[in-house]
Amino acid sequence: MSTKRIGVYICHCGVNIAQTVGIEELKSFAATLPQVKVAENYMYMCSEPGQELIRKDIKEKKLNRIVVVACSPRLHEPTFRNTLVSAGLNPYCLEIANVREQCSWVHKDKKVATSKAKSVVAAAVTKVALLEPLEEKEVSVTKTAMVVGGGIAGIQAALDIADSGFKTYLIEKEPSIGGHMMQLDKTFPTLDCSACILTPKMSDIKNHPNIELLAYSEVADVKGFVGNFKVTVKRKPRYIEEAICNACGTCAKYCSIAIIDRYNEGLSKLQALHIPFPQAIPAAYVVDPEECRYLKEGTCRQCEQVCKELNAINLDMQEESVELDVGTIVVATGFDVFDANRKPELGYGRYENVITGMEFERVVSAAGPNQGELLINGKKPKEVVFIQCVGSRDKTVGNEYCSRVCCMYTAKQAHLVREKLPDAKITIFYIDVRAFGKGYEEFYDRVKGESVYYRRGNVSEVYKKGDKLICRAEDTLLGKPIEVPADLVVLAVGIQPSAGARELGKLLKLSTSPDNFFLEAHPKLRPVDTGSDGVFLAGCCQGPKDIPDTVAQASASAAKAVIPLAQGKVKTETMVARVHEQACRACGYCVEACPYDAIELQLQEVNGREKSVAVVNEVLCKSCGACTGVCFSGAIQQTGFTDDQILAVIGAIGKEY
Amino acid sequence: MNFEPTIVAFLCNWCSYAGADLAGTSRFQYPANVRTVRVMCSSRINPAFIVNALLEGADGVLVSGCHPGECHYVSGNYLARRKLVLLRRFLEHLGIHPDRFRMSWVSASEGSKFADVIKEVTEAVRPLGPNQIKREQVWMQQAL
């Protein structure tokens, strides 16, 4: 084994590392380790001067292995790999010693932390000496994308990808795209009508030559990896031929089954055979299989009779499976509103005049059940109370986070009440008002000037007294309990991840943060990437967002999703398994252990004799190392994580220095 | 005597190592007794590594991977569990207290859980005292 020339570069990370790890002590220790030729330190190793320090030493001092003692390899390993490349060294001759996330930030005692850092550095130096240069390979990419979720996030992402010239599949689980934004009346702070800004985009989806919309469909399975995903989409039976239906609506007039209108938040009814809302895309009717008399009881088929000419109704339709080949995936599964029944003290579900913010949107919408008139039980309310933070910033329901939209939608709704009922008394109970976006503070100020009473305090109880509701709270500015009567109480319910998102997350190997929203690859620098290459996040599936932020993130994720498609190639995994043919006993354990079917036994000529050996398909190998973990003879080895390398690390890391 | 055990922790890159990083980013403090070894997947861990770590001076070993059903590599954590549950029984025959070895599932979002697991493992190993095999090795060397 040739001797290596190792350089060790210790980063202070400002004071992040330096305040708990003795840099000088660590440096002199590193210099004593075998084959170490250079040990240096610098304030910010990842900055250009820091990287230049490494490059210069590689060239001048002929270093061939580098250890960077800094933050987690999950953060800056790619950065330093590039540093090595720019100095002419193979990028895999690098080892990162994580002394920030897993040492200086989690221990306070400098002596203890320095001692641990020494073990970590010793292990990294031991490992780097055993690393071998590796070659990066490329495979071609399927130049199509898939967007999951047809709310405003998915719509924007799909349009942007399609506009870049790539075929895009948009998958929506409901019969129509539009999502929650379609249910909103006006949007803050500009008071644009939600439908007026959303429906043209929905129609763009329908008419875009690069977009194929699969509505009323769900992702059932995902195989493959970035550049070459194989997706199975389950198409639920609509019982109406989407391509034939002209949405004339005659059939619905003959359907006698009334069901809850979910678009109107259950405030009105529609037929089992219905169109979710008149502007729906695809513009086709759908039959609710849970409610349709024929599908439940086997008799009726009235609707089929009236659609004889077009023959768009097919009550024998079955679920279909569609296979899609896509290169990248954007997840835009959105949110569910918080279930107000979980806060029983606020009277939701018990009193008819306690409604959620989303229900309020439908009540005041021109397309809603009251044609835009603010009526509660047929009467105009005289006193309206809004309660903020219902299901947000509330540990008792497990949601510690701020939902980021409720303060502003409440302000907007208060403004709408004032517009419709100039004499109404309007009170808003709040904890803090968060008006952080562009033009938001100004809007909040305007609403305050419209005789809307903001009272700081959490409402503890809503109860009925005569024909009024009483909201009991402590006004925390006055420091005393108060009771405010109301004819209408609106609960500013927060945002939660969509119920089906978790299943999709499992298929795509996405992690979630403690709030159950999908976890981005890095909170600041990679906000739309995920831990799964080629899968990107848009909108509220990643965390609560208002419409401007959602649209911005959707465009960002589209731009990211387009990169591999535009490049046409992606790098395959580098740390793949290799087989030592002579040592292989052809037991086949690795073949069984491989989750990707990347290994098979083949007859090969080894040393002039034909024998069966394990052969790795390096394109399919995803570098997990499962094969190496079960090999008895040590014949199959994951490069970068070989038995020798790991055993050497084990030997070095357990010792005290 | 203040005995501070050395714990070697094998962490999978995608869940538990990321969880350990999150513990750091969130500044959750835990005992410095732990030394981590990063592997891409818990299935990479050969049972011999655990025995080896104990022979090389560790007083306890932790293996941590993604929660069942959440493995980045489809099913690697199940494979790891099958192998390592057997190892735990085998340790007794080697004269190693089985409590010196532990498996856990820590996801990328469970920074505080990672800190708790390290505290628990350290406290579970501390009463067992220094690793017997390590002491025997020292005696053997002295005898020779």
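A brief look at the structure comes next. (Residues numbered from 1 in each chain as written. Chains lettered and ligands numbered in written order. Predicted model: local features only at pLDDT ≥ 70, side-chain atom pairs only at ≥ 80, totals over all residues. Heavy atoms only, no water.)

So, on to the overall build of chain A. Of regular secondary structure, chain A possesses 18 helices and 34 strands. In terms of overall dimensions, chain A has a C-alpha envelope of 90 × 70 × 40 Å along the principal axes. Counting the 657 residues in chain A, one finds 57% classified as buried. For chain A, the accessible surface area stands at approximately 28,400 Å², while carbon and sulfur atoms represent 49% of it. Once the 79 positive and 81 negative side-chain charges of chain A are each reduced to a mean point, those two points are 4 Å apart. (Helix = DSSP H or I, 4+ residues; strand = E, 2+ residues; numbered from the N terminus. Buried < 20%, exposed > 50% of the residue type's maximum accessible area, 1.4 Å probe, protein only. Areas by Shrake-Rupley, 256 points an atom, 1.4 Å probe, with all protein chains shown as cover. Lys, Arg positive; Asp, Glu negative; His and termini not counted. Charge placed at Lys NZ, Arg CZ, Asp CG, Glu CD.)

This next bit is on the sheet that holds strand 24 (residues 459–465) of chain A. Residues and elements named next belong to chain A. The strand order across the open sheet formed by 3 strands is 24-25-26, and the pairing between neighbours is antiparallel. Strands with a single pairing partner mark the edges of an open sheet, and in this sheet they are strand 24 and strand 26 (480–486). The average undirected angle you get between the axes of adjacent strands in this sheet is 25°. (Pairing = 2+ DSSP bridges. Axes fitted to C-alpha atoms, helices over the stretch in contact; angles between N-to-C directions.)

A few words on the packing of helix 1 (residues 23–31) of chain A against helix 5 (residues 110–130) of chain A. The relative placement of two packed helices comes down to the angle between their axes together with the axis-to-axis distance. Residue and element names in this part refer to chain A. For the pair helix 1 and helix 5, the least separation of the axes is 10 Å and the interaxial angle reads 30°. By the criterion of interaxial angle, the relationship of helix 1 to helix 5 is roughly parallel. Crossing angle aside, the handedness with which helix 1 passes helix 5 is right-handed. Contact with helix 1, carried on its side by Glu25, Leu26, Phe29 and Ala30, involves Thr114, Ala117, Lys118, Val121 and Ala122 of helix 5 and no other residues of that element. Its residues assigned to classes, the contact of helix 1 with helix 5 comprises 6 nonpolar, 1 polar and 2 charged. (Parallel < 35°, antiparallel > 145°, perpendicular 65-115°, else oblique. Left-handed = near helix turned anticlockwise from the far one by under 90°. Contact = heavy atoms within 4.5 Å. Nonpolar A, V, L, I, M, F, W, Y, C, P; charged D, E, K, R; others polar.)

Let's shift gears to empty space enclosed by the protein. Empty pockets left among the atoms are what a rolling probe the size of a water molecule brings to light. Residues and elements named next belong to chain A. Applying the stated criterion to the full structure yields 6 cavities of 30 Å³ or more. Looking at the largest cavity, its volume works out to about 120 Å³. Along the walls of the largest cavity sit 15 residues, with Cys255, Cys292, Arg293, Cys300 and Cys303 positioned nearest its centre. When contributions to the lining of the largest cavity are tallied by element, the ones reaching two or more residues are helix 9 (293–297) and helix 10 (302–306). Looking at side-chain class alone, the lining of the largest cavity contains 11 nonpolar, 2 polar and 2 charged residues. (1 Å grid on protein atoms, 1.4 Å probe; cavity = no way out; pocket = protein on both sides within 12 Å on 5 of 7 lines; lining within 4 Å. Points joined across faces, edges and corners; volume = space filled by probe spheres on them.)

This part covers the nonpolar core. Residue and element names in this part refer to chain A. Of all hydrophobic cores here, the largest spans 62 residues; its most connected members are Ile387, Val417, Val462, Val489 and Leu491. When residues in this core are grouped by element, the largest group, 7 residues, is from helix 12 (residues 406–420). There are two domains that each give this core at least three residues, and those are domain 2 (144–236 + 319–334 + 498–569) and domain 3 (336–496). Ignoring sequence-local partners within four residues, the contact set of Val417 consists of Phe360, Leu374, Val384, Phe386, Ala424 and Ile426. Listed in part, the 61 residues of the second largest apolar core include Ala158, Met181, Phe277 and Ile313. (Core = buried A, V, L, I, M, F, W, Y, C linked by side-chain atoms within 4.5 Å. Domains from an automatic or database assignment.)

Attention now moves to the packing of helix 11 (residues 357–364) of chain A against helix 12 of chain A. All names here are of chain A. Running from N to C, helix 11 and helix 12 point in directions that differ by 30°, and their axes come no closer than 11 Å. With respect to the hand of their crossing, helix 11 and helix 12 are arranged in left-handed fashion. Listed contacts from helix 12 to Gly357, Phe360, Glu361 and Val364 of helix 11 are Tyr409, Lys412, Gln413, Leu416, Val417 and Lys420. The residue inventory of the contact of helix 11 with helix 12, partitioned by class, reads 5 nonpolar, 2 polar and 3 charged.

Another aspect to go through is the sheet that holds strand 7 (residues 167–171) of chain A. All names here are of chain A. The 5 strands lie next to each other as 10-7-6-18-29, forming an open sheet whose pairing is parallel. Strands with a single pairing partner mark the edges of an open sheet, and in this sheet they are strand 10 (211–214) and strand 29 (535–537). Each strand of the sheet is rotated relative to its neighbour by a mean of 20°, with strand direction disregarded. Judged from the 3 bridges that link them, strand 18 (residues 328–331) and strand 29 form a sheet pairing that is parallel. Each residue of the ladder has a partner; that of Ile329, found in strand 29, is Val535.

Attention now goes to the packing of aromatic side chains. All told, the structure shown has 12 aromatic pairs over all chains when counted by the stated rule. For the ring pair Tyr444 of chain A and Tyr454 of chain A, a centre distance of 5.0 Å and an interplane angle of 80° mean the geometry is edge-to-face. One end of the pair, Tyr444 of chain A, is in helix 13 (residues 440–448); the other, Tyr454 of chain A, is in strand 23 (residues 452–456), with 10 residues separating them in the sequence. Of the two residues examined, Tyr444 of chain A and Tyr454 of chain A, each falls in the buried class. When the centroid spacing of 6.5 Å and the interplanar angle of 90° are considered together, the rings of Tyr596 of chain A and Tyr73 of chain B count as edge-to-face. With Tyr596 of chain A in the loop between helix 16 (589–593) and strand 32 (599–606) and Tyr73 of chain B in the loop between strand 3 (60–65) and helix 3 (76–93), this residue pair bridges two chains. The exposure class of Tyr596 of chain A is partly exposed, given its relative accessible area of 23%. (Phe/Tyr/Trp six-rings, centres within 6.5 Å; stacked < 30°, edge-to-face > 60°.)

Here the focus is the interface of chain B and chain A. Listed as interface residues are 47 residues of chain B and, on the opposing side, 51 residues of chain A. Summing both partners gives a buried area of about 4,000 Å² for chain B against chain A, and 55% of it is carried by carbon and sulfur. One can count 5 salt bridges joining chain B with chain A. The salt bridge involving Glu656 of chain A is made with Arg35 of chain B; its shortest N-O contact spans 3.5 Å. Our count for the contact surface shared by chain B and chain A stands at 20 residue pairs in polar contact (both at pLDDT 80 or more). Counting residues per element, the ones that place at least two in the side of chain B that touches chain A are strand 1 (7–12), helix 1 (16–25), strand 2 (34–39), helix 2 (47–55) and helix 3 of chain B. Among the elements that take part in the side of chain B that touches chain A, helix 1 of chain B stands out by supplying 7 residues, more than any other. (Buried area = accessible area lost by both parts, 1.4 Å probe. Salt bridge = Lys/Arg side-chain N within 4 Å of Asp/Glu carboxyl O. Polar contact = N/O pair within 3.5 Å; in protein donor to acceptor, adjacent residues only side chain to side chain.)

Further remarks concern the environment of Leu375 of chain A. Position of Leu375 of chain A among the secondary structure elements: in the loop between helix 11 and strand 21 (383–390). With near-sequence residues (within four places) excluded, Leu375 of chain A lies in contact with Val363, Asn370 and Lys380 of chain A.

So, on to a nonpolar patch on the surface. All names here are of chain A. Together, Tyr42, Met43 and Tyr44 line one region of the surface with nonpolar side chains, adding up to about 290 Å² of accessible area. Mapping Met43 onto the fold places it in the loop between strand 2 (36–42) and helix 2 (48–60). Judged by its relative accessible area of 41%, Met43 is partly exposed. (Patch = residues over 30% accessible without salt bridge, like charges linked within 9 Å, V, L, I, M, F, W, Y side chains within 5 Å.)

What follows covers the environment of Arg55 of chain A. All names here are of chain A. Counting through the fold element by element, Arg55 comes out in helix 2. The class for Arg55 is buried, based on a relative accessible area of 12%. Counting along the chain gives 494 residues from Arg55 to Asp549, while the straight-line C-alpha distance between them is 40 Å. Beyond its immediate stretch of four places on either side in the chain, Arg55 contacts Glu48, Thr83, Ser86 and Ala87.

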